[in-house]
Amino acid sequence: MDSMMEIFYEEAVSLTNELNSIITNYKDCQTYNADYIKKVFRVIHTMKADSTMMLIDTIAVPSRVLESLLVFFRNNKIDITDKECFDKIIVNYTSYISEDIEKFAKGEKLEQNHKDLEDDIKNYLERLKKEYNKEENEDTQPSHEEPAKKPRQVYYIAADTESTPVPEKKTEEKKAAEKPKAEPQSSSSEVVLVKQDDIDRMYKSIKHYNSFMETLEMRFKGDKSIEIRHKDLMMLKNIKHELSVAADHLTKSDFVAVAQKMELVVDEMSRTLNKPVKLIVRGSHSLVEKSKREKISSALVHVIRNAVDHGIEDMDERDRMGKAPVGIVRLGFENKDGKLIISVEDDGAGIDKDAVLKSAKENNLLKKPEEEYTEEEIINLLFVSGVSTTEKANDYSGRGVGMDVIRHNIVSLGGSINITSNYGFGTKVVMKFDM
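Here the residue numbers are simple positions, counted from 1 along each chain's written sequence. Confidence filtering applies because this is a predicted model: local features only for residues at pLDDT of at least 70, side-chain atom pairs given and counted only at 80 or more, and all residues used for totals across whole chains, interfaces and linings. Hydrogens are left out, water is left out, and the side-chain values use all remaining heavy atoms of the structure.

Caption draft 1: Local environment of the overall build of the protein. Tallying secondary structure elements over the protein gives 14 helices and 8 strands in all. Relative accessible area decides the class of each residue, using a 1.4 Å probe on protein chains only: under 20% of the type maximum gives buried, over 50% gives exposed, and in between gives partly exposed. Going through the 435 residues of the protein one by one, you find that 46% of them count as buried. Taking as baseline every contact in the protein between residues at least 6 positions apart, the subset at least 24 positions apart corresponds to 76%. With an accessible surface of roughly 23,000 Å², the protein has 49% of that area assigned to carbon and sulfur atoms. Numbering of helices and strands runs from the N terminus; a helix is a DSSP stretch of H or I covering at least four residues, while a strand is a stretch of E covering at least two. Any two residues whose heavy atoms approach within 4.5 Å at even a single point are treated as in contact. The accessible surface values rely on the Shrake-Rupley method and a 1.4 Å probe; as for residues, cover is taken only from the protein chains in view.

Caption draft 2: Molecular detail of unusual backbone geometry. Residue Asp-337 is not a glycine yet carries a positive backbone phi of 50°. If you trace the backbone, Asp-337 turns up in the loop between β5 (327-336) and β6 (339-346). The class of Asp-337 is exposed, set by a relative accessible area of 72%. For Asn-364, which is not a glycine, the phi torsion comes out positive at approximately 55°.

Caption draft 3: Examining the pattern of salt bridges more closely. Only one rule defines a salt bridge in this text: a Lys or Arg side-chain nitrogen within 4 Å of an Asp or Glu carboxyl oxygen. Scanning the model with the defined rule gives 16 salt bridges in all. For the salt bridge of Asp-119 with Lys-115, the shortest nitrogen-to-oxygen distance reads 2.8 Å. Here Asp-119 and its partner Lys-115 are both found in helix α5 (residues 115-132), 4 residues apart, which amounts to about one turn of the helix. You can call Asp-119 partly exposed: its relative accessible area is 26%. For Glu-377, the salt bridge identified is with Lys-368, shortest N-O distance 3.1 Å.

Caption draft 4: Main features of a nonpolar patch on the surface. What makes a patch is a set of residues exposed beyond 30% relative accessible area and free of salt bridges, joined within 9 Å when like-charged and within 5 Å when nonpolar (Val, Leu, Ile, Met, Phe, Trp, Tyr). Where nonpolar side chains cluster on the molecular surface, the patch consists of Met-235, Ile-239 and Leu-243 and spans about 260 Å² of accessible area. One can find Met-235 in helix α8 (residues 227-251).

Caption draft 5: A look at the nonpolar core. Throughout, nonpolar core names a set of buried Ala, Val, Leu, Ile, Met, Phe, Trp, Tyr and Cys residues whose side chains join them through atoms within 4.5 Å. Ranked by size, the top nonpolar core spans 49 residues in total, and within it Ile-296, Leu-300, Val-329, Leu-331 and Ile-342 carry the most contacts. No other element matches the 8 residues that helix α10 (residues 290-311) contributes to this core. Aside from chain neighbours lying at most four places away, what touches Ile-342 is Phe-255, Ile-296, Leu-300, Leu-331, Gly-332, Phe-333, Val-429, Val-430, Met-431 and Phe-433. Within the second largest apolar cluster, 45 residues are counted, among which are Val-40, Leu-69, Phe-73 and Ile-78.

Caption draft 6: Summary view of the side chain of Lys-261. As for its position among the elements, Lys-261 is in helix α9 (residues 256-273). Owing to a relative accessible area of 3%, Lys-261 belongs among the buried residues under this scheme. In terms of polar contacts, Lys-261 uses its side chain to reach the side chain of Asp-50, at 3.2 Å. Whenever a nitrogen or oxygen atom comes within 3.5 Å of another N or O atom, the pair is scored as a polar contact, on the condition that within protein one atom can donate a hydrogen and the other can accept it, and that pairs from neighbouring residues in sequence are kept only if both atoms are in side chains.

Caption draft 7: Spatial organisation of α10. The terminal C-alpha atoms of α10 lie 30 Å apart, and with 22 residues this matches the ideal 32 Å at 1.5 Å per residue to within 8%. With 18 of its 22 residues buried, α10 lies for the most part within the structure. In a helix, the anticipated span is given by 1.5 Å times the number of residues less one.

Caption draft 8: Representation of the packing of aromatic side chains within the structure. Aromatic contacts are taken between Phe, Tyr and Trp rings whose centres are within 6.5 Å, Trp giving its six-membered ring; a plane angle under 30 degrees counts as stacked, one over 60 as edge-to-face, and the others as tilted. Counted by the stated rule, this structure contains 8 aromatic pairs. Ring centres 6.2 Å apart and planes at 75° place the aromatic pair Tyr-36 and Phe-86 in the edge-to-face group. Placement of Tyr-36 in helix α2 (residues 34-53) and of Phe-86 in helix α4 (residues 83-106) is noted, with a sequence separation of 50 residues between them. Tyr-36 gets classed as buried once you look at its relative accessible area, which sits at 1%. Judged by centre distance (4.4 Å) and plane angle (15°), the rings of Phe-255 and Phe-333 are stacked. A residue pair is termed long-range when its members are at least 10 positions apart, and Phe-255 in the loop between β2 (252-253) and α9 and Phe-333 in strand β5 qualify at 78 residues. A relative accessible area of 0% means that Phe-255 is categorised as buried. What makes Phe-333 buried here is its relative accessible area of 5%. Linked through ring pairs, Tyr-26, Tyr-32, Tyr-36, Phe-72, Phe-73, Phe-86 and Tyr-124 together constitute an aromatic cluster.

In C-alpha coordinates form, the structure reads like this:
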(Lines give C-alpha, C1' and ligand atoms only; values in the text may rest on other atoms or scores of the structure.)
Protein backbone atom coordinates (compact mmCIF):
# COMPACT_ATOMS: atom_id res chain seq x y z
CA MET A 1 0.00 0.00 0.00
CA ASP A 2 1.54 3.32 -1.05
CA SER A 3 1.60 6.46 1.13
CA MET A 4 -1.54 8.05 -0.30
CA MET A 5 -3.53 4.86 0.11
CA GLU A 6 -2.19 4.50 3.65
CA ILE A 7 -3.41 8.02 4.50
CA PHE A 8 -6.86 7.23 3.12
CA TYR A 9 -7.00 3.98 5.11
CA GLU A 10 -6.02 5.76 8.34
CA GLU A 11 -8.59 8.51 7.76
CA ALA A 12 -11.37 6.08 6.85
CA VAL A 13 -10.77 3.93 9.95
CA SER A 14 -10.73 7.03 12.16
CA LEU A 15 -13.96 8.35 10.63
CA THR A 16 -15.72 5.00 11.00
CA ASN A 17 -14.68 4.82 14.65
CA GLU A 18 -15.93 8.37 15.19
CA LEU A 19 -19.28 7.52 13.61
CA ASN A 20 -19.66 4.43 15.81
CA SER A 21 -18.86 6.56 18.85
CA ILE A 22 -21.57 9.08 17.91
CA ILE A 23 -24.13 6.28 17.47
CA THR A 24 -23.25 4.86 20.90
CA ASN A 25 -23.41 8.24 22.66
CA TYR A 26 -26.89 9.01 21.30
CA LYS A 27 -28.45 5.53 21.52
CA ASP A 28 -30.66 6.44 24.51
CA CYS A 29 -32.08 9.64 22.99
CA GLN A 30 -35.77 9.72 22.07
CA THR A 31 -35.04 11.67 18.88
CA TYR A 32 -31.91 12.78 17.07
CA ASN A 33 -31.54 16.55 17.28
CA ALA A 34 -29.58 19.12 15.29
CA ASP A 35 -26.40 18.43 17.29
CA TYR A 36 -26.48 14.73 16.36
CA ILE A 37 -27.22 15.56 12.72
CA LYS A 38 -24.30 18.01 12.61
CA LYS A 39 -21.86 15.47 14.04
CA VAL A 40 -22.91 12.70 11.67
CA PHE A 41 -22.93 15.19 8.77
CA ARG A 42 -19.33 16.16 9.51
CA VAL A 43 -18.15 12.54 9.36
CA ILE A 44 -20.09 11.63 6.21
CA HIS A 45 -19.02 14.83 4.44
CA THR A 46 -15.36 14.09 5.14
CA MET A 47 -15.69 10.43 4.13
CA LYS A 48 -17.27 11.52 0.85
CA ALA A 49 -14.51 14.06 0.16
CA ASP A 50 -11.68 11.61 0.90
CA SER A 51 -13.09 8.72 -1.13
CA THR A 52 -13.97 11.00 -4.04
CA MET A 53 -10.41 12.29 -4.20
CA MET A 54 -9.09 8.71 -4.20
CA LEU A 55 -11.59 7.72 -6.93
CA ILE A 56 -13.14 5.04 -4.71
CA ASP A 57 -16.74 5.20 -5.90
CA THR A 58 -17.86 2.23 -3.80
CA ILE A 59 -17.50 4.48 -0.74
CA ALA A 60 -18.03 7.92 -2.33
CA VAL A 61 -21.44 7.19 -3.90
CA PRO A 62 -23.31 5.93 -0.80
CA SER A 63 -21.64 8.68 1.27
CA ARG A 64 -22.91 11.31 -1.17
CA VAL A 65 -26.46 9.91 -1.03
CA LEU A 66 -26.44 9.74 2.78
CA GLU A 67 -25.13 13.31 2.91
CA SER A 68 -28.16 14.43 0.86
CA LEU A 69 -30.47 12.86 3.45
CA LEU A 70 -28.69 14.73 6.23
CA VAL A 71 -28.91 17.94 4.19
CA PHE A 72 -32.68 17.54 4.19
CA PHE A 73 -32.86 17.24 7.98
CA ARG A 74 -30.40 20.06 8.60
CA ASN A 75 -31.71 22.62 6.13
CA ASN A 76 -35.34 22.08 7.09
CA LYS A 77 -34.44 22.09 10.82
CA ILE A 78 -36.16 18.74 11.35
CA ASP A 79 -35.25 16.32 14.14
CA ILE A 80 -35.00 12.63 13.30
CA THR A 81 -38.03 11.10 15.03
CA ASP A 82 -38.10 7.74 13.24
CA LYS A 83 -35.05 6.41 15.00
CA GLU A 84 -35.66 2.80 13.97
CA CYS A 85 -35.59 3.60 10.27
CA PHE A 86 -32.63 5.98 10.48
CA ASP A 87 -30.66 3.62 12.74
CA LYS A 88 -31.09 0.84 10.20
CA ILE A 89 -29.67 3.07 7.47
CA ILE A 90 -26.74 4.40 9.50
CA VAL A 91 -25.82 0.94 10.86
CA ASN A 92 -25.98 -0.60 7.37
CA TYR A 93 -23.85 2.26 6.03
CA THR A 94 -21.25 1.84 8.79
CA SER A 95 -21.08 -1.92 8.32
CA TYR A 96 -20.77 -1.56 4.57
CA ILE A 97 -18.00 1.05 4.82
CA SER A 98 -16.10 -0.99 7.42
CA GLU A 99 -16.15 -4.08 5.19
CA ASP A 100 -14.94 -2.07 2.20
CA ILE A 101 -12.13 -0.52 4.25
CA GLU A 102 -10.92 -3.93 5.38
CA LYS A 103 -11.03 -5.26 1.81
CA PHE A 104 -9.10 -2.18 0.76
CA ALA A 105 -6.41 -2.83 3.39
CA LYS A 106 -6.02 -6.44 2.24
CA GLY A 107 -5.72 -5.43 -1.39
CA GLU A 108 -8.99 -7.13 -2.35
CA LYS A 109 -11.18 -5.87 -5.20
CA LEU A 110 -13.99 -3.57 -4.04
CA GLU A 111 -17.34 -4.74 -5.38
CA GLN A 112 -20.04 -2.33 -6.59
CA ASN A 113 -22.61 -3.70 -4.15
CA HIS A 114 -23.93 -0.46 -2.63
CA LYS A 115 -27.12 -0.19 -4.71
CA ASP A 116 -29.43 -1.65 -2.02
CA LEU A 117 -28.05 0.75 0.58
CA GLU A 118 -28.33 3.65 -1.86
CA ASP A 119 -31.94 2.75 -2.72
CA ASP A 120 -32.90 2.49 0.96
CA ILE A 121 -31.58 6.00 1.63
CA LYS A 122 -33.27 7.49 -1.45
CA ASN A 123 -36.62 5.86 -0.65
CA TYR A 124 -36.44 7.13 2.93
CA LEU A 125 -35.69 10.64 1.68
CA GLU A 126 -38.66 10.55 -0.73
CA ARG A 127 -41.00 9.47 2.08
CA LEU A 128 -39.74 12.33 4.23
CA LYS A 129 -40.34 14.89 1.46
CA LYS A 130 -43.94 13.73 1.11
CA GLU A 131 -44.46 13.59 4.86
CA TYR A 132 -43.20 17.12 5.45
CA ASN A 133 -44.38 18.44 2.08
CA LYS A 134 -40.89 19.67 1.34
CA GLU A 135 -38.91 19.90 -1.84
CA GLU A 136 -35.14 19.46 -1.72
CA ASN A 137 -33.77 22.99 -1.94
CA GLU A 138 -30.17 22.16 -2.68
CA ASP A 139 -28.48 21.05 -5.84
CA THR A 140 -27.13 17.74 -4.55
CA GLN A 141 -26.39 16.24 -7.93
CA PRO A 142 -23.44 18.03 -9.50
CA SER A 143 -23.07 18.24 -13.21
CA HIS A 144 -21.18 15.33 -14.70
CA GLU A 145 -20.07 17.28 -17.73
CA GLU A 146 -16.32 17.70 -17.76
CA PRO A 147 -14.43 20.27 -19.78
CA ALA A 148 -11.38 19.17 -21.70
CA LYS A 149 -8.65 18.09 -19.33
CA LYS A 150 -5.83 20.54 -19.01
CA PRO A 151 -2.26 19.69 -17.99
CA ARG A 152 -1.76 19.38 -14.25
CA GLN A 153 0.04 22.43 -12.94
CA VAL A 154 1.75 21.60 -9.68
CA TYR A 155 5.08 22.77 -8.34
CA TYR A 156 7.18 21.24 -5.57
CA ILE A 157 9.69 23.35 -3.68
CA ALA A 158 12.18 21.63 -1.38
CA ALA A 159 12.04 22.58 2.27
CA ASP A 160 15.60 23.91 2.32
CA THR A 161 15.46 26.12 -0.75
CA GLU A 162 13.88 29.45 -1.55
CA SER A 163 14.24 29.26 -5.30
CA THR A 164 11.29 28.48 -7.55
CA PRO A 165 12.01 25.59 -9.91
CA VAL A 166 11.13 25.63 -13.56
CA PRO A 167 7.83 23.77 -13.92
CA GLU A 168 8.05 20.40 -15.58
CA LYS A 169 5.59 19.83 -18.37
CA LYS A 170 4.07 16.44 -17.70
CA THR A 171 3.35 14.18 -20.63
CA GLU A 172 0.29 11.95 -20.78
CA GLU A 173 2.57 8.96 -20.14
CA LYS A 174 4.02 10.54 -17.01
CA LYS A 175 0.61 11.55 -15.70
CA ALA A 176 -0.71 8.05 -16.28
CA ALA A 177 2.27 6.59 -14.43
CA GLU A 178 1.82 8.99 -11.51
CA LYS A 179 -1.93 8.53 -11.13
CA PRO A 180 -2.68 6.40 -8.05
CA LYS A 181 -4.80 3.31 -8.51
CA ALA A 182 -8.16 3.51 -6.80
CA GLU A 183 -8.10 -0.18 -5.95
CA PRO A 184 -4.94 -1.97 -4.80
CA GLN A 185 -4.13 -4.87 -7.07
CA SER A 186 -1.63 -6.83 -5.02
CA SER A 187 -3.22 -9.28 -2.61
CA SER A 188 -0.05 -9.26 -0.52
CA SER A 189 -0.25 -5.53 0.16
CA GLU A 190 -1.27 -5.39 3.80
CA VAL A 191 -1.37 -2.69 6.46
CA VAL A 192 0.80 -3.27 9.51
CA LEU A 193 -0.80 -1.71 12.60
CA VAL A 194 1.15 -0.69 15.69
CA LYS A 195 -0.65 -0.33 19.01
CA GLN A 196 -0.51 3.09 20.66
CA ASP A 197 0.51 1.40 23.93
CA ASP A 198 3.63 0.02 22.24
CA ILE A 199 4.50 3.45 20.88
CA ASP A 200 3.97 5.04 24.30
CA ARG A 201 6.17 2.37 25.88
CA MET A 202 8.94 3.12 23.37
CA TYR A 203 8.80 6.84 24.10
CA LYS A 204 8.85 6.17 27.85
CA SER A 205 11.96 4.02 27.44
CA ILE A 206 13.65 6.71 25.35
CA LYS A 207 12.78 9.30 28.00
CA HIS A 208 14.39 7.18 30.73
CA TYR A 209 17.39 6.57 28.50
CA ASN A 210 17.79 10.32 27.89
CA SER A 211 17.68 10.97 31.64
CA PHE A 212 20.35 8.34 32.23
CA MET A 213 22.50 9.84 29.46
CA GLU A 214 22.30 13.30 31.01
CA THR A 215 23.45 11.86 34.35
CA LEU A 216 26.43 10.14 32.71
CA GLU A 217 27.39 13.25 30.76
CA MET A 218 27.46 15.32 33.95
CA ARG A 219 29.45 12.64 35.80
CA PHE A 220 32.08 12.24 33.07
CA LYS A 221 32.29 15.91 32.12
CA GLY A 222 35.95 16.94 32.08
CA ASP A 223 37.08 13.46 33.11
CA LYS A 224 39.11 12.74 29.94
CA SER A 225 41.70 10.63 31.80
CA ILE A 226 39.41 7.62 31.81
CA GLU A 227 39.28 6.87 28.11
CA ILE A 228 37.10 3.78 28.44
CA ARG A 229 34.34 5.84 29.98
CA HIS A 230 34.59 8.39 27.22
CA LYS A 231 34.30 5.68 24.52
CA ASP A 232 31.34 4.08 26.29
CA LEU A 233 29.65 7.44 26.50
CA MET A 234 30.09 8.05 22.78
CA MET A 235 28.66 4.59 22.02
CA LEU A 236 25.64 5.33 24.19
CA LYS A 237 25.13 8.62 22.36
CA ASN A 238 25.10 6.78 19.05
CA ILE A 239 22.57 4.27 20.38
CA LYS A 240 20.41 7.14 21.62
CA HIS A 241 20.48 8.74 18.17
CA GLU A 242 19.58 5.48 16.44
CA LEU A 243 16.70 4.88 18.86
CA SER A 244 15.35 8.37 18.26
CA VAL A 245 15.54 7.96 14.48
CA ALA A 246 13.80 4.57 14.69
CA ALA A 247 11.05 6.03 16.87
CA ASP A 248 10.51 8.91 14.45
CA HIS A 249 10.30 6.53 11.49
CA LEU A 250 7.78 4.38 13.34
CA THR A 251 5.55 7.14 14.64
CA LYS A 252 6.12 10.07 12.26
CA SER A 253 5.74 10.71 8.57
CA ASP A 254 6.25 13.58 6.17
CA PHE A 255 3.61 15.39 4.11
CA VAL A 256 4.77 14.26 0.67
CA ALA A 257 1.76 11.97 0.17
CA VAL A 258 -0.57 14.61 1.62
CA ALA A 259 0.80 17.14 -0.87
CA GLN A 260 0.16 14.65 -3.67
CA LYS A 261 -3.41 14.30 -2.43
CA MET A 262 -3.85 18.09 -2.50
CA GLU A 263 -2.44 17.99 -6.03
CA LEU A 264 -5.31 15.70 -7.02
CA VAL A 265 -7.82 18.00 -5.33
CA VAL A 266 -6.60 21.08 -7.21
CA ASP A 267 -6.26 19.24 -10.51
CA GLU A 268 -9.78 17.78 -10.35
CA MET A 269 -11.38 21.06 -9.26
CA SER A 270 -9.50 23.05 -11.86
CA ARG A 271 -10.94 20.85 -14.60
CA THR A 272 -14.47 20.65 -13.19
CA LEU A 273 -14.79 24.38 -12.44
CA ASN A 274 -12.87 25.39 -15.58
CA LYS A 275 -10.46 27.52 -13.53
CA PRO A 276 -6.73 27.32 -14.31
CA VAL A 277 -5.05 27.02 -10.91
CA LYS A 278 -1.42 26.38 -9.88
CA LEU A 279 -0.57 24.69 -6.61
CA ILE A 280 2.81 25.60 -5.11
CA VAL A 281 4.00 23.30 -2.30
CA ARG A 282 6.83 24.08 0.11
CA GLY A 283 8.34 22.03 2.95
CA SER A 284 6.42 18.79 2.35
CA HIS A 285 9.24 16.81 4.02
CA SER A 286 8.35 18.30 7.42
CA LEU A 287 7.54 15.55 9.93
CA VAL A 288 4.43 14.97 12.03
CA GLU A 289 3.04 12.11 14.09
CA LYS A 290 1.11 9.71 11.86
CA SER A 291 -1.87 9.81 14.23
CA LYS A 292 -2.16 13.56 13.61
CA ARG A 293 -1.50 13.44 9.88
CA GLU A 294 -4.86 11.89 8.96
CA LYS A 295 -6.92 14.63 10.62
CA ILE A 296 -4.63 17.34 9.30
CA SER A 297 -5.07 15.87 5.82
CA SER A 298 -8.87 15.94 6.18
CA ALA A 299 -8.79 19.57 7.28
CA LEU A 300 -6.47 20.49 4.43
CA VAL A 301 -8.84 19.04 1.83
CA HIS A 302 -11.50 21.52 2.93
CA VAL A 303 -9.08 24.45 3.13
CA ILE A 304 -7.73 23.77 -0.36
CA ARG A 305 -11.24 23.32 -1.74
CA ASN A 306 -12.34 26.63 -0.25
CA ALA A 307 -9.30 28.34 -1.76
CA VAL A 308 -10.07 27.06 -5.27
CA ASP A 309 -13.87 27.23 -5.16
CA HIS A 310 -14.50 30.35 -3.03
CA GLY A 311 -11.18 32.12 -3.44
CA ILE A 312 -9.90 31.82 -7.01
CA GLU A 313 -12.06 33.80 -9.46
CA ASP A 314 -12.89 32.64 -12.99
CA MET A 315 -10.65 33.90 -15.79
CA ASP A 316 -13.01 36.71 -16.88
CA GLU A 317 -13.21 38.12 -13.37
CA ARG A 318 -9.45 37.88 -12.86
CA ASP A 319 -8.94 39.71 -16.17
CA ARG A 320 -11.37 42.43 -15.06
CA MET A 321 -9.42 42.79 -11.79
CA GLY A 322 -6.12 43.02 -13.65
CA LYS A 323 -4.87 39.71 -12.25
CA ALA A 324 -2.98 36.94 -14.02
CA PRO A 325 -5.40 34.45 -15.62
CA VAL A 326 -4.00 31.56 -13.58
CA GLY A 327 -4.86 31.51 -9.89
CA ILE A 328 -2.18 30.60 -7.35
CA VAL A 329 -2.63 28.49 -4.19
CA ARG A 330 0.42 28.15 -1.94
CA LEU A 331 0.64 25.27 0.53
CA GLY A 332 3.46 25.41 3.09
CA PHE A 333 4.66 23.04 5.84
CA GLU A 334 7.23 24.04 8.46
CA ASN A 335 8.61 22.67 11.75
CA LYS A 336 9.61 25.69 13.81
CA ASP A 337 10.21 26.26 17.54
CA GLY A 338 8.56 22.98 18.51
CA LYS A 339 5.48 23.65 16.39
CA LEU A 340 4.19 22.42 13.07
CA ILE A 341 2.97 25.35 10.99
CA ILE A 342 0.82 24.78 7.91
CA SER A 343 -0.33 27.63 5.70
CA VAL A 344 -2.65 27.84 2.70
CA GLU A 345 -2.64 31.14 0.82
CA ASP A 346 -4.46 32.08 -2.38
CA ASP A 347 -4.44 35.19 -4.56
CA GLY A 348 -8.18 35.09 -5.12
CA ALA A 349 -11.18 37.24 -4.24
CA GLY A 350 -10.76 37.25 -0.48
CA ILE A 351 -13.60 36.95 2.03
CA ASP A 352 -16.74 39.02 1.47
CA LYS A 353 -17.53 39.93 5.07
CA ASP A 354 -20.97 41.32 4.17
CA ALA A 355 -21.87 37.96 2.62
CA VAL A 356 -20.69 36.14 5.77
CA LEU A 357 -22.87 38.35 7.98
CA LYS A 358 -25.83 37.89 5.66
CA SER A 359 -25.53 34.09 5.77
CA ALA A 360 -25.18 34.07 9.57
CA LYS A 361 -28.21 36.35 9.93
CA GLU A 362 -30.37 34.25 7.61
CA ASN A 363 -29.52 31.17 9.70
CA ASN A 364 -30.23 32.98 13.01
CA LEU A 365 -26.63 32.58 14.14
CA LEU A 366 -25.82 36.17 15.12
CA LYS A 367 -25.38 36.74 18.86
CA LYS A 368 -25.46 40.56 18.67
CA PRO A 369 -26.30 43.36 16.20
CA GLU A 370 -24.41 43.17 12.90
CA GLU A 371 -22.71 46.53 13.34
CA GLU A 372 -21.04 45.36 16.56
CA TYR A 373 -19.07 42.57 14.87
CA THR A 374 -15.36 43.17 14.30
CA GLU A 375 -13.59 41.87 11.17
CA GLU A 376 -12.05 39.03 13.15
CA GLU A 377 -15.42 38.05 14.63
CA ILE A 378 -17.02 38.07 11.17
CA ILE A 379 -14.34 35.77 9.78
CA ASN A 380 -14.76 33.46 12.78
CA LEU A 381 -18.44 33.09 11.86
CA LEU A 382 -17.22 30.94 8.96
CA PHE A 383 -16.44 28.23 11.53
CA VAL A 384 -20.09 28.03 12.59
CA SER A 385 -21.98 25.15 11.00
CA GLY A 386 -24.53 26.46 8.49
CA VAL A 387 -22.66 29.60 7.40
CA SER A 388 -21.70 29.65 3.72
CA THR A 389 -21.14 32.46 1.22
CA THR A 390 -21.93 30.20 -1.75
CA GLU A 391 -25.37 30.82 -3.19
CA LYS A 392 -25.67 27.43 -4.87
CA ALA A 393 -24.27 24.24 -3.38
CA ASN A 394 -22.03 21.96 -5.41
CA ASP A 395 -19.85 18.96 -4.65
CA TYR A 396 -17.20 21.23 -3.13
CA SER A 397 -19.03 23.82 -1.03
CA GLY A 398 -22.28 25.52 -0.17
CA ARG A 399 -23.43 23.20 2.61
CA GLY A 400 -21.91 25.27 5.39
CA VAL A 401 -20.03 22.33 6.88
CA GLY A 402 -16.48 22.55 5.51
CA MET A 403 -15.01 25.13 7.89
CA ASP A 404 -16.75 23.43 10.81
CA VAL A 405 -14.94 20.22 9.87
CA ILE A 406 -11.64 22.10 9.72
CA ARG A 407 -12.01 23.58 13.18
CA HIS A 408 -13.22 20.29 14.65
CA ASN A 409 -10.19 18.39 13.35
CA ILE A 410 -7.68 21.06 14.36
CA VAL A 411 -9.07 21.63 17.87
CA SER A 412 -9.18 17.87 18.49
CA LEU A 413 -5.41 17.87 17.88
CA GLY A 414 -4.83 20.76 20.28
CA GLY A 415 -4.05 23.08 17.39
CA SER A 416 -5.12 26.59 16.45
CA ILE A 417 -6.29 28.21 13.22
CA ASN A 418 -6.15 31.81 12.08
CA ILE A 419 -7.63 33.33 8.91
CA THR A 420 -6.68 36.68 7.43
CA SER A 421 -8.13 38.10 4.25
CA ASN A 422 -7.77 41.15 2.04
CA TYR A 423 -11.00 41.47 0.09
CA GLY A 424 -10.23 41.36 -3.60
CA PHE A 425 -6.66 40.15 -3.13
CA GLY A 426 -6.70 36.80 -1.35
CA THR A 427 -6.95 34.81 1.86
CA LYS A 428 -4.42 33.11 4.11
CA VAL A 429 -5.16 30.28 6.54
CA VAL A 430 -2.50 29.37 9.13
CA MET A 431 -2.74 26.26 11.33
CA LYS A 432 -0.37 25.59 14.21
CA PHE A 433 0.16 22.36 16.17
CA ASP A 434 2.45 21.41 19.04
CA MET A 435 4.99 18.79 17.96
